[in-house]
Structures are given as structure tokens and as C-alpha cells.
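Chain by chain, the residues run as shown.
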Amino acid sequence: MSVSVPALVLEGAAERFVRGAVERRDPGPRDIVIEIAYAGICHSDIHAGRGEWGDIFTFPLTPGHEITGTVAAIGSEVTSRAVGDRVGVGCFVDSCGECAPCSAGEQQYCERGTVFTYGSQGRDGVNTQGGYSTSIVVDERYVLGIPDALPLDQAAPLLCAGVTLYAPLTRFGAGPGKKVAIVGLGGLGHMGVKIAHALGAEVTVISRTLAKREDALRLGAVDYLASSDPEALAAAAERFDLIVNTVSAPIDVDAIAGLVRLGGAIVFVGMPPEPLSFDVYSLTSKRRILAGSNIGGIPETQEMLEFCARNELGADIEIVTADEVSDTWDRVVAGDVRYRAVIDIASLS
Ligand code: NAP
Ligand code: ZN
């Protein structure tokens, strides 16, 4: 049995959203029914919904993996949450729970295949559908608690953008005495600046132009470079201990790697559809580390939420209605949203 709930639906990769419905399963003993209040718009939704990552998504598709809301009902065996609790769901809703990564709390790297919040096949064989909808049913082990200090709308982008930056920043040692650069000041990038600053690092933003300079300084950066300015890049050669690249399009890897000090790291979280190429000398010449990172596991996501609550780090958001989402996607691609659009799900009911 299942119930139909209102949702924004893409019928195909080149389509605009239509108002439709998705099916939600009847809650099992360990399931939580969440009434969704807000859903952030991640650039990954756009890559997926527009077929930019190839043919891996099935339509009709309802994206959305930055979800906050309240618990509407719980299954008979649920102990972690109660009706009315403020909760969130990020990029995945299931995993095997038994492999080495799952046992280590890194469910996003599940060896048997993470079940992502949308566009995956769930254990029941049904395709998952995401948060651009009024409710979702999720196993309690994949539901996060939203601390009271975080408003639900500003918290939604933390479930993907927040943890996607928190994970590499903490893993690669961003903290006091470290110079960190964030490339691309969008949804991910602006959370990267806030989090790296709160971790105690000295943060620089590398953006295409000087247009976002004041915002970057307000968010916690102490310096700002335009990647379109070769002289500014030359002056910053070998300056950074860590660079996290959040850009949704290809970048000049050699130019950015040249800014990393001996033995430092450049970590990719931005996932452009196109393959990148670079000169290996850019790494070997200074024993640089080239790495990638994918979102964060459940314990790490909860830790990030507590960290953001303690440091009062919500996302800088722009609230949009359900009928504005197709146009908002165009605005995200044009770089016109500062810095995360969040759908007010009440406008969908
Ligand atoms: P976003 O809000 O659109 O921000 C991307 C930023 O990249 C823009 O603000 C812009 O920064 C820069 N940019 C955009 N187009 C560019 C171009 N043609 N050339 C150079 N720079 C460009 O996107 P987002 O939601 O932060 O997501 C960023 C990327 O991360 C996407 O590819 C997304 O799929 C990926 N992602 C990865 C993970 C993960 O776990 N690894 C998780 C979530 C998202 P400036 O204007 O400052 O230059
Ligand atoms: Zn995302």
C-alpha cells in the first residue's frame, strides 16, 4: 500500500516542472513519516534533472535532497524520534548497513549501493523520489535531528551543501594556522567559507570575477581572488594548505593546483559533467594531493548540524515557491542566486 502526495515532477530531461504526485509507502515499523517544510535546490538536482550526468536517472523524477520538516508519524519500533520533532533528510535514505563503509558510518560509500534520496532503486524495487514534495517516508536510521538553534529553512541546505564541505574540511585539517581556499562561491562554496572560518582557518574565496567580494568577506573570508585575473593567481602561488573546488563546470586544474603549497591538497567536490584534464607535473612538482569527496555519512552529518548550530551557521537562502522552481533552476545556472534557493513546500499543497 502507498499514498499519493503532491510533488513537483519532471516528465523528461528537457522538461519544466509540472505539479503532480509521488507515491509514499505505508510506514513500516522503523519508518518515519516526515511532513516536509523546506527543500533546498542543489546544483546536483539540475545536473540530474537535465540529464547532464548521462542516462542514469529515470523519469518521471522528483528531485530534492536537502529536506527539513517535522515528524508526522512513526512506525511501531521507532525510538529515535517522536511526532513533532524537527528533522532532516539528506542525499540518501538507505544502504546495506553491513559493509565496511556502512559500519564506519560512511553510508554514502556503501559497497552494495547507497540508495539515494531520488533516482535510486529502493530495497522494495521502487524508484526513490525526493524532497520537492509534501512528505517522505524514511527509515529512522537515515533521519537527522535539526537542532533548535537552526531555523528549518536555513538548515535545509546543510543536509547536502553543508556536509559536503564539512567532510573534506575536517578530514584535510582545516583549522587554526591553515590557509584554505574555496573555489566557486555558490551553494556549496558559501557554506565552505562559513564552516572553514568557524573551524578557525584563514579563508580565501576564488571566484570567476570580483562581483562577490563583499559577500565573501561578510561570510568569513579574509581574502578574495578572481580566477580570471592571472596576476592575482600568480601572486598566490603555493599559498594554500588546502583548496576545495566546488565549481559545477570544468576548471583549469593546473592553475588552481599551482596555488597549493608543498604537500598540500586540492579536493574536488564540484562534479561537472565533462571530464577534466591536467598536467601531472602540477601535482608531482610539489607532492600535491588530488582528492575527491562525496557528501557525508549519517554520524558526520549529525555532527555537522550540531557544529553549525553551535556556531549559528545557517545557509544564506532565498525562499522560492513551487511555481518558481523551473525558473529558479535557470537562475542557479546563471549564478543569480545568493546563495541557496529553498522551496517553501507549503506552496505545493
Ligand atoms: P552552485 O550553487 O550553482 O555553485 C556553483 C559555483 O560554481 C557558482 O556559484 C560559480 O561560482 C561557479 N561556476 C558556475 N559555473 C561556472 C563556470 N561555467 N565556470 C566557472 N565557475 C562556474 O552549485 P552547488 O549546488 O554549489 O554545486 C556545485 C557542484 O557541486 C555541482 O557540480 C554539484 O553537482 C556538486 N555537488 C557535489 C557534491 C558532492 O558530494 N561531491 C554534493 C553536492 C553538490 P563563482 O560565481 O564564484 O565563480
Ligand atoms: Zn546536493
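Here is a short report on the structure shown in this document. These numbers come from a predicted model, not from an experiment. (Residues numbered from 1 in each chain as written. Chains lettered and ligands numbered in written order. Predicted model: local features only at pLDDT ≥ 70, side-chain atom pairs only at ≥ 80, totals over all residues. Heavy atoms only, no water.)

## Comments concerning the overall build of the protein
Within the protein, the secondary structure is distributed over eleven helices and 17 strands. Here the protein has a C-alpha radius of gyration of 20 Å; the compact-globule value for 349 residues is 20 Å, and the two agree. Principal-axis analysis of the C-alpha atoms gives the protein an extent of 60 × 40 × 35 Å. Going through the 349 residues of the protein one by one, you find that 56% of them count as buried. The long-range fraction of contacts in the protein, counting pairs at least 24 apart against all pairs at least 6 apart in sequence, stands at 67%. When the accessible surface of the protein is summed, it comes to about 14,400 Å², and 50% of that surface belongs to carbon and sulfur atoms. For the protein, the distance from the average position of its 28 positive side-chain charges to the average position of its 45 negative side-chain charges is 6 Å. (Helix = DSSP H or I, 4+ residues; strand = E, 2+ residues; numbered from the N terminus. Rg over C-alpha atoms; globule rule 2.2 N^0.38 Å. Buried < 20%, exposed > 50% of the residue type's maximum accessible area, 1.4 Å probe, protein only. Contact = heavy atoms within 4.5 Å. Areas by Shrake-Rupley, 256 points an atom, 1.4 Å probe, with all protein chains shown as cover. Lys, Arg positive; Asp, Glu negative; His and termini not counted. Charge placed at Lys NZ, Arg CZ, Asp CG, Glu CD.)

## A short note on the coordination of the zinc ion (ligand 2)
Ideal values for angles at a metal depend on the geometry: 109.5 degrees with four tetrahedral donors, 90 or 180 degrees with six octahedral donors. All of the protein donors around the zinc ion (ligand 2) are Cys42 (SG), His65 (NE2) and Cys160 (SG); their distances to the metal are 2.0 to 2.2 Å. Coordination of the zinc ion (ligand 2) draws on donor residues from a single chain, spaced C-x22-H-x94-C in sequence. With cysteine 42 in the loop between strand 3 (31-40) and helix 1 (43-49) and histidine 65 in the loop between helix 1 and strand 4 (67-74), this pair connects stretches of sequence that are 23 residues apart. Taken individually, cysteine 42 and histidine 65 each receive the classification buried, so the pair is uniform in this respect. (Donors = N, O, S within 2.8 Å, 3.2 Å for Na, K, Ca; no water.)

## Considerations on a nonpolar patch on the surface
On the surface, a nonpolar cluster with roughly 240 Å² of combined accessible area is contributed by Phe278, Val280 and Leu290. Of note, valine 280 is situated in the loop between strand 14 (260-268) and helix 9 (281-284). (Patch = residues over 30% accessible without salt bridge, like charges linked within 9 Å, V, L, I, M, F, W, Y side chains within 5 Å. Salt bridge = Lys/Arg side-chain N within 4 Å of Asp/Glu carboxyl O.)

## Remarks on the sheet that holds strand 13 (residues 240-245)
One open sheet holds the six strands; their spatial order is 12-11-10-13-14-15, and the pairing between them is parallel. Whereas interior strands pair on both sides, the edge strands pair on one side only; in this sheet they are strand 12 (223-226) and strand 15 (289-292). For this sheet, the mean angle separating the axes of adjacent strands, direction not counted, is 20 degrees. With five bridges connecting them, strand 13 and strand 14 associate as parallel partners. Pairing of isoleucine 243 across the sheet is with isoleucine 266, part of strand 14. Helix 4 (residues 161-171) rests against strand 10 (179-183), strand 13 and strand 14 of the sheet, and its axis sits at about 155 degrees to strand 13. (Pairing = 2+ DSSP bridges. Axes fitted to C-alpha atoms, helices over the stretch in contact; angles between N-to-C directions.)

## Describing the site of ligand 1
Of all residues adjacent to ligand 1, which total 27 residues, the nearest are His43, Ser207, Lys212, Ile295 and Arg340. One of the side-chain nitrogen or oxygen atoms of asparagine 294 is found 3.1 Å away from an oxygen atom of ligand 1. Backbone polar atom of isoleucine 295 to an oxygen atom of ligand 1: 2.7 Å apart, as the coordinates give it. When the free accessible area of ligand 1 is taken as 920 Å², the share hidden by the protein chains comes to 89%. (Near = heavy atom within 4 Å. Polar contact = N/O pair within 3.5 Å; in protein donor to acceptor, adjacent residues only side chain to side chain.)

## Notes on the packing of helix 4 against helix 10 (residues 298-310)
Direction vectors running N to C along helix 4 and helix 10 enclose 95 degrees, while the axes themselves pass 10 Å from each other. Of the possible angle classes, the one that applies to helix 4 and helix 10 is roughly perpendicular. Contacts between helix 4 and helix 10 involve Gly162, Val163, Tyr166, Ala167 and Thr170 on the former and, on the latter, Glu300, Thr301, Glu303, Met304 and Phe307. The residue makeup of the contact of helix 4 with helix 10, split by class, is five nonpolar, three polar and two charged. (Parallel < 35°, antiparallel > 145°, perpendicular 65-115°, else oblique. Nonpolar A, V, L, I, M, F, W, Y, C, P; charged D, E, K, R; others polar.)

## With respect to the packing of aromatic side chains
Tallied over the full model, the rule gives five aromatic pairs. Their ring planes at 85 degrees and their centres at 5.0 Å tell us that phenylalanine 17 and tryptophan 329 sit as a pair that is edge-to-face. With phenylalanine 17 in the loop between strand 1 (2-9) and strand 2 (18-25) and tryptophan 329 in helix 11 (residues 325-333), this pair connects stretches of sequence that are 312 residues apart. Centre to centre, the rings of phenylalanine 57 and tyrosine 118 are 6.2 Å apart; their planes meet at 35 degrees, and the pair counts as tilted. Placement of the pair is phenylalanine 57 in the loop between helix 1 and strand 4 and tyrosine 118 in the loop between strand 7 (115-116) and strand 8 (135-139), with a sequence separation of 61 residues. Neither phenylalanine 57 nor tyrosine 118 differs from the other in exposure class; each is buried. A connected cluster of aromatic rings, assembled from ring pairs, spans Phe17, Tyr132 and Trp329. (Phe/Tyr/Trp six-rings, centres within 6.5 Å; stacked < 30°, edge-to-face > 60°.)

## Observations regarding the nonpolar core
Grouped together as the largest cluster of nonpolar side chains are 83 residues, with contacts concentrated most on Ile41, Tyr132, Leu169, Ile195 and Val325. Among residues more than four places away in sequence, those in contact with isoleucine 195 are Gly162, Tyr166, Leu169, Phe307, Cys308 and Leu313. Counting 17 residues, the second largest nonpolar core, distinct from the first, contains Ala181, Leu233, Ile266 and Phe268. (Core = buried A, V, L, I, M, F, W, Y, C linked by side-chain atoms within 4.5 Å.)

## Some thoughts on unusual backbone geometry
Residue proline 60 is bonded to the preceding phenylalanine 59 through a cis peptide linkage, with omega at 0 degrees. Tracing the sequence through the fold places proline 60 in the loop between helix 1 and strand 4. Of note, glutamate 238 is a non-glycine position whose phi angle comes to about 55 degrees, a positive value. Position of glutamate 238 among the secondary structure elements: in the loop between helix 7 (230-235) and strand 13. We classify glutamate 238 as partly exposed; its relative accessible area is 38%. In the Ramachandran plot, glutamate 312 falls in the positive-phi region, its phi being about 50 degrees despite a non-glycine side chain. Looking at the secondary structure, you find glutamate 312 in the loop between helix 10 and strand 16 (317-320). For glutamate 312, a relative accessible area of 68% gives the class exposed.

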